[in-house]
Amino acid sequence: MHIVDASNYVLLDASRLVTPDPDASNPEEESSPAFALDGPSLVMVNNMNLIDAELADECCEILNGIVRSYPDSLFLFDEKHVYRFEEEHRLRLPTQNTSIGNVVNSEPTGDGSLNLFPPHWILIRDPQHFTKYESLRNYTWIIIRTLMKERTPKVLQSVAKIIAYCNEHNKHVCTIPYLRLDPLDEVIRDELPGQNHSLYYEFPKTDNHMLMVVNDAAVADVKKAQNMIEHWVQINVFSTMVIAYELYKLRSLSRKVGQRAFWEVHFGVSSSDEFASKIIGISRSTANRYIQAISVSEKLLPGIMDEVAAGENAIPKKALSCSRFQSVHPFLDDIENAQEDKQQAVKEMLLDPNVTAKTLKTHLNEHFKREASEPSPFIPLKYFDGVANKVSNQIDESRLVYLDQYLAAMIHLCDPNAEHFAILVNPYEIAIEEVQAVSDRRVPPVTLGQA
């Protein structure tokens with residue numbers, strides 16, 4: 001499996017492979033410029049439409065050679081050019097390290113279903129004018145171009161909204177060139193007040209390539225977190241909050257570099273939940289409570305856990321329990337919006353070992369309004385999108401189309417009017433067949449696992 005640094009993004013101008021550089025002093029010497037990659041990279045091949053017909057065969061031979069010379073890199077080709085060059089010229093790209101997709105200015109022009117197997121991608125060059133989020137449902141991987149000179153507040157808002165949509169619908173998504181998530185998290189909270197979760201990047205995984213953002217700082221942070229967890233899990237002093245803090249930092253790091261790839265590459269697990277259960281030995285619900293506790297300390301007492309973990313701040317054990325901080329979490333928004341003196345009172349009570357958990361809870365109930373949250377409505381399409389994302393990682397690629405058909409049928413059973421994705425077979429007919437088969441007891445009901 002090749003680890004591809006998705007931040008090492010390279011543009012390969014196909015037209016330059018056979019066209020002399022007009023600025024070169026000796027055009028004849030520059031007619032076929034050398035192309036070289038510095039390590040596994042994500043390569044976008046562009047400007048194939050600028051190649052003259054008489055030079056197309058020569059260009060195809062060069063492209064074939066380049067792609068085969070770098071099997072550890074992943075090459076992206078716009079499908080409308082690939083099909084033409086394959087039919088009319090000598091383009092014979094290997095499938096092991098190439099991916100075909102659509103490049104659009106703002107809105108998709110096709111249905112995105114010509115290539116049934118991932119990573120079928122779409123690259124959006126003008127996110128500021130992109131509005132048809134539902135059209136992304138047909139694609140496996142959404143790539144957003146974000147040039148440095150074009151990163152205005154309005155563009156950042158547009159990028160953040162696309163990523164938020166992709167996160168909600170379990171789509172692989174990234175920016176090219178790489179854009180830090182911190183400014184996007186800030187603008188999305190202003191644009192979508194109900195957005196409580198941090199944005200994250202997710203990259204597709206092929207049979208031969210694992211994409212993620214690779215850098216020395218991330219590797220160092222992972223090693224430090226591993227050492228801290230191994231140390232603190234063995235002792236019973238502050239260990240819960242310190243381990244929670246390291247889990248929090250690893251989760252924060254994973255969302256920036258590609259979540260699934262991060263856990264697989266560094267820890268050999270598929271997710272942070274599996275990391276919590278297999279490496280730390282805690283359940284998913286316990287891990288979530290840990291994260292809630294650290295969210296409180298990071299927002300009300302930023303930097304304090306760094307000091308505790310490094311042994312620079314000896315906070316009494318009674319004042320540093322995970323359950324103590326976690327009990328504050330339901331009131332966190334109100335505390336952050338309260339006057340400074342009310343915030344300070346909570347901070348002091350949190351770190352005072354003489355203040356019991358019961359006293360703290362009574363104070364919070366008396367001074368901060370806690371809104372009763374309504375249960376989230378069941379949305380079939382959103383639910384089955386989540387099911388598809390989890391199950392698709394556990395079945396053979398050749399059976400993905402059947403999974404899509406089955407889930408589309410289930411969506412119809414829950415909501416016949418819902419928009420759906422149809423591949424090869426009408427999902428409404430599948431739904432009828434499923435219901436009829438079960439009612440006649442001709443065959444046992446098919447489970448998602450069997451699908």
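Above this text sits the structure in question.
Draft legend 1. Spotlight on the overall build of the chain. Per the secondary structure count, the chain includes 17 helices and eight strands. Taking all 451 residues of the chain together, the buried fraction comes to 45%. Long-range pairs, those at least 24 residues apart, make up 67% of the contacts in the chain with a sequence separation of at least 6. Split by element, the accessible area of the chain, about 23,700 Å² in all, is 49% carbon and sulfur.

Draft legend 2. How the structure looks around the nonpolar core. Grouped together as the largest cluster of nonpolar side chains are 95 residues, with contacts concentrated most on Trp-141, Ile-142 and Leu-184. Judged by nonpolar contacts, the second largest core, of 25 residues, contains Val-43, Val-45, Ile-51 and Leu-63.

Draft legend 3. Structural detail: the environment of Leu-42. In this structure, Leu-42 sits in strand E2 (residues 41–46). Overall, the relative accessible area of 0% leaves Leu-42 in the buried class. In sequence terms Leu-42 and Ala-6 are 36 residues apart; their C-alpha atoms lie 5.6 Å from each other. Once residues lying within four places of it in the same chain are set aside, the contact partners of Leu-42 are Val-4, Asp-5, Ala-6, Asn-8, Tyr-9, Val-10, Leu-74, Leu-76, Trp-141, Ile-176 and Leu-211.

Draft legend 4. Looking closely at unusual backbone geometry. Cis geometry is found at the peptide bond from Ile-176 to Pro-177, where omega equals -10°. For Pro-177, the location among the structural elements is in the loop between strand E7 (172–176) and helix H4 (182–191). Within the chain, Asn-47 stands out as a residue other than glycine whose phi angle is a positive 65°. You can see Asn-47 is positioned in the loop between E2 and helix H1 (56–69). Judged by relative accessible area, which is 25%, Asn-47 ranks as partly exposed. Although it is not a glycine, Asn-170 sits at a positive phi angle of roughly 55°.

Draft legend 5. Examining a nonpolar patch on the surface more closely. On the surface, a cluster of nonpolar side chains totalling about 320 Å² of accessible area is made up of Met-1, Ile-3, Val-214 and Val-265. Along the chain, the position of Val-214 falls in the loop between strand E8 (209–212) and helix H5 (216–232). The class of Val-214 is partly exposed, set by a relative accessible area of 37%.

Draft legend 6. Spotlight on helix H2 (residues 79–88). Taken residue by residue, H2 has Glu-79, His-81, Val-82 and Phe-85 as its buried positions. One side of H2 holds all its buried residues, which, seen down the axis, span an arc of 155°. Exposed residues on H2 whose side chains face more than 90 degrees from its buried face are Glu-87 and Glu-88. Contacts from the buried residues of H2 go to H1, strand E3 (74–78) and strand E4 (98–104).

Draft legend 7. Structural context of the packing of aromatic side chains. Tallying each qualifying case throughout the model produces nine aromatic pairs. Aromatic side chains Phe-130 and Tyr-133 sit 5.7 Å apart centroid to centroid with 80° between the ring planes, which places their arrangement in the edge-to-face category. Residue Tyr-133 is classed as partly exposed on the basis of its relative accessible area, which comes to 21%. Relative to Trp-263, the ring of Phe-262 lies with its centre 5.0 Å away and its plane at 85°, an arrangement referred to as edge-to-face.

Reading guide: rules and limits
- Residues numbered from 1 in each chain as written.
- Predicted model: local features only at pLDDT ≥ 70, side-chain atom pairs only at ≥ 80, totals over all residues.
- Heavy atoms only, no water.
- Helix = DSSP H or I, 4+ residues; strand = E, 2+ residues; numbered from the N terminus.
- Buried < 20%, exposed > 50% of the residue type's maximum accessible area, 1.4 Å probe, protein only.
- Contact = heavy atoms within 4.5 Å.
- Areas by Shrake-Rupley, 256 points an atom, 1.4 Å probe, with all protein chains shown as cover.
- Core = buried A, V, L, I, M, F, W, Y, C linked by side-chain atoms within 4.5 Å.
- Patch = residues over 30% accessible without salt bridge, like charges linked within 9 Å, V, L, I, M, F, W, Y side chains within 5 Å.
- Salt bridge = Lys/Arg side-chain N within 4 Å of Asp/Glu carboxyl O.
- Arc of directions from axis to C-beta.
- Phe/Tyr/Trp six-rings, centres within 6.5 Å; stacked < 30°, edge-to-face > 60°.

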